[in-house]
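What follows is the residue order along each chain.
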Amino acid sequence: MIPYGRQHISEQDKDAVLSALGNDFLTTGPKIEKFEIAFAEFVGSKYAVAVSNGTAALHLSCLAAGLGKGDELITSPLTFVASANCALYCGATPKFSDIDEDGLLDPGRLTFSEKTKVIIPVHYGGLPCKMSEIKEMADSKGVTVIEDACHALGATYKDSKIGDCTYSHMTIFSFHPVKHLTTGEGGMITTNSKEFYDKLVALRSHGIVSDGLKNESHGPWYREMQMLGYNYRITDIQCALGLSQLSQLSSFIEKRKIIADRYNEAFKDMDKIGVVNQKSDRINSYHLYVIKVPDVKMRYDLFIYLKDNGILCQVHYLPVYLNPYYESLGYKKGLCVDAEKFYGRIISLPIFPDLTETEQAKVIRLVKGFFS
Ligand SMILES: *Cc1c(COP(=O)(O)O)cnc(C)c1O
């Protein structure tokens, strides 16, 4: 079976992990800061905080933004559930705003209320949202912008790299094996604000700090818990893998682009296949390669046809609020009609660095064959 996405692990990665196992620290050691510094340098942010996964990164960035009971968080319905669940973790209410033809939050349809505290634009598939419009609107209302860039490591918006936080307060990433870079499980928050950075570091580890004490120190061992945090730490073993992966990241991103270009070329004259594509002011880093087919029935049949022929695609995503849990909270079908229509027509084709030309040619042949 050819999956839609999978990790690339080199000999260098294996050596890095093995070597990390021999170090004094398996967790809370020096590899974490090394990984954070190298990652911040790659995306162009001042600070980076590594955590246990992308969901923890979302939760902590919402907490750092002060999101709490009675507040609202706006996000896209076309995302992984975690982008909205982080609001619920904080006792806040997720509000879904409808998408444009690329599957991105549509600035023209955003409405902020008195209660809106945070907005989480999701760079769906790897194509950045219209961030300057979103940031400008959010700034005028004092709303914190947290980019969910789990799909968009290596993407560019105008002259800024996603993660440099030019158009946001914080940006979060995931290092799950299907993403651009993996640590097994892992995540990162980037920011240019020292205040957010300090809060995130404390929250990642129970809210315990050794600097800026509120009570009097009892001695060199003294640390105190100042806020309710979590154990969302990442290990040194994972960061050793992350560092090794980071040194290969540019080639991973390049390979994804080459694969996407081949798909674009192959499908450009097929009127039944629409692609979610590059825009002139934005560079897609292609976590996903999504095609849009004419209707729900064709999407179903294509999925089964490809699966029967050894290609396991995926559909990203069922609009978050159509999950039974969200329905139980009162969200209803019809809330974001464009996201629902979009969901009905999309399918994510295989794209990952190790996808061979032969494998990709098979995918293209089957997709074209299906429509002819
Ligand atoms: C993968 C992903 C997450 C969650 O990341 P985990 O590391 O799996 O917790 C959040 N948002 C989006 C858009 C994702 O793709």
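Residues numbered from 1 in each chain as written. Predicted model: local features only at pLDDT ≥ 70, side-chain atom pairs only at ≥ 80, totals over all residues. Heavy atoms only, no water.

Attention now goes to the pattern of salt bridges. Charged atoms that come close allow side chains of opposite charge to pair. Taken as a whole and assessed by the stated rule, the structure comprises 14 salt bridges. Across the pair Glu 11 and Lys 14 runs a salt bridge, and its minimum N-O distance is 3.3 Å. Placement of the pair is Glu 11 and Lys 14 together in helix α1 (residues 11-21), with a separation of three residues, close to one helical turn. Arg 109 is paired through a salt bridge with Asp 98; the nearest N and O atoms lie 3.6 Å apart. One end of the pair, Arg 109, is in the loop between β4 (93-96) and β5 (116-120); the other, Asp 98, is in the loop between β4 and β5, and eleven residues separate them in sequence. (Salt bridge = Lys/Arg side-chain N within 4 Å of Asp/Glu carboxyl O. Helix = DSSP H or I, 4+ residues; strand = E, 2+ residues; numbered from the N terminus.)

Right, let's get into the environment of Ala 65. By secondary structure assignment, the location of Ala 65 is in the loop between α3 (54-64) and β3 (72-75). Ala 65 gets classed as buried once you look at its relative accessible area, which sits at 13%. Excluding anything up to four places from it in sequence, Ala 65 contacts Lys 117, Val 118, Thr 144, Met 170 and Phe 196. (Buried < 20%, exposed > 50% of the residue type's maximum accessible area, 1.4 Å probe, protein only. Contact = heavy atoms within 4.5 Å.)

The final tally for this structure, using the stated rule, is 19 aromatic pairs. Taking 6.5 Å as the distance between ring centres and 65 degrees as the angle between the ring planes, the aromatic pair formed by Tyr 124 and Tyr 317 counts as edge-to-face. On the criterion of sequence distance, the pair formed by Tyr 124 in the loop between β5 and α5 (131-141) and Tyr 317 in the loop between β16 (311-312) and α10 (324-328) is long-range, its members being 193 residues apart. Put simply, the rings of Phe 96, Tyr 321, Tyr 325, Tyr 326 and Tyr 331 touch in pairs and so form one group of aromatic residues. Positioned above the aromatic ring of Phe 42 is the side chain of Lys 161, whose terminal nitrogen or guanidinium carbon lies 3.9 Å from the ring centre. We note Arg 299 situated over the ring of Tyr 343; from NZ or CZ to the ring centre the distance is 5.0 Å. (Phe/Tyr/Trp six-rings, centres within 6.5 Å; stacked < 30°, edge-to-face > 60°. Lys NZ or Arg CZ within 6 Å of the ring centre and 35° of its normal.)

Okay, the site of the ligand next. Around the ligand sit 15 residues in total, of which Gly 54, Thr 55, Asp 148, Ser 174 and Lys 179 are the nearest. Contact distances for the ligand include 2.8 Å between a nitrogen atom and a side-chain N or O atom of Asp 148. Residue Tyr 317 places a side-chain N or O atom 3.5 Å away from an oxygen atom belonging to the ligand. Look at the ligand: alone it shows 380 Å² of surface, and the protein chains cover 92% of it. Of all the secondary structure elements, the ones that give two or more residues to the shell around the ligand are α3 and α4 (82-89). In terms of residues, the shell around the ligand owes the most to one element, α3, which gives three residues. Partitioning the shell around the ligand into residue classes produces five nonpolar, eight polar and two charged. (Near = heavy atom within 4 Å. Polar contact = N/O pair within 3.5 Å; in protein donor to acceptor, adjacent residues only side chain to side chain. Areas by Shrake-Rupley, 256 points an atom, 1.4 Å probe, with all protein chains shown as cover. Nonpolar A, V, L, I, M, F, W, Y, C, P; charged D, E, K, R; others polar.)

Two elements in contact, helix α8 (residues 249-267) and helix α12 (residues 357-371), have axes separated by 11 Å at closest approach and are oriented at 30 degrees. Taken together, the axes of α8 and α12 are roughly parallel relative to one another. You can see that α8 and α12 cross each other, and the crossing is right-handed. In this structure, α8 contributes Ile 259, Arg 262, Tyr 263, Ala 266 and Phe 267 to the contact, and α12 contributes Glu 357, Gln 360, Val 363, Ile 364, Val 367 and Lys 368. (Axes fitted to C-alpha atoms, helices over the stretch in contact; angles between N-to-C directions. Parallel < 35°, antiparallel > 145°, perpendicular 65-115°, else oblique. Left-handed = near helix turned anticlockwise from the far one by under 90°.)

Turning to the pairing of strand β6 (residues 144-148), a few remarks are in order. Counting buried positions along β6 yields five of five residues, so the element is predominantly enclosed. Burial along β6 is two-sided: the residues Thr 144, Ile 146 and Asp 148 and Val 145 and Glu 147 are all buried. In this sheet, β6 lies alongside β5 in parallel orientation, the contact comprising two bridges. Note on β6: the bridge partner recorded for Val 118 is Thr 144. The parallel pair β5 and β6 is bridged by α5, and the resulting crossover is right-handed. Two strands pair when backbone bridges link them, and β6 and strand β9 (residues 170-174) are joined in this way by three bridges, in the parallel orientation. Note that in β9 the partner of Glu 147 across the bridge is Thr 171. (Pairing = 2+ DSSP bridges. Right-handed = clockwise from strand over helix to strand, strands pointing away.)

Judged by nonpolar contacts, the single largest core of 59 residues is most densely connected at Ile 119, Tyr 124 and Phe 173. Secondary-structure elements contributing two or more residues to this core are α2 (30-43), β2 (47-51), α5, α7 (236-246), α8 and α11 (337-345). Per-element tally for this core: the top contributor is α2, with six residues. Listed in part, the 27 residues of the second largest apolar core include Val 49, Ala 92, Val 118 and Leu 200. (Core = buried A, V, L, I, M, F, W, Y, C linked by side-chain atoms within 4.5 Å.)

Under the 1.5 Å per step criterion, the end-to-end length of α2 is 21 Å for 14 residues, consistent within 8% with the ideal 20 Å. Listing the buried residues of α2 in full gives Ile 32, Phe 35, Glu 36, Phe 39, Ala 40, Phe 42 and Val 43. Along the axis of α2, the buried residues cluster in a sector spanning 155 degrees; they form a single face. Of the exposed residues in α2, the ones pointing more than 90 degrees away from its buried face are Pro 30, Lys 34 and Glu 41. Taken from the residues just after α2, Gly 44 is the one with a positive phi, measuring 90 degrees. (Expected span 1.5 Å × (residues − 1). Arc of directions from axis to C-beta.)

Let's shift gears to the sheet that holds strand β7 (residues 156-157). Read from one edge of the open sheet, three strands run β8-β7-β14, paired in antiparallel fashion. Unpaired on one side and paired on the other, β8 (160-161) and β14 (282-283) mark the two borders of the sheet. Here two bridges tie β7 to β8, and the two strands are oriented antiparallel to one another. In the strand pairing of β8, Tyr 157 is matched with Ser 160.

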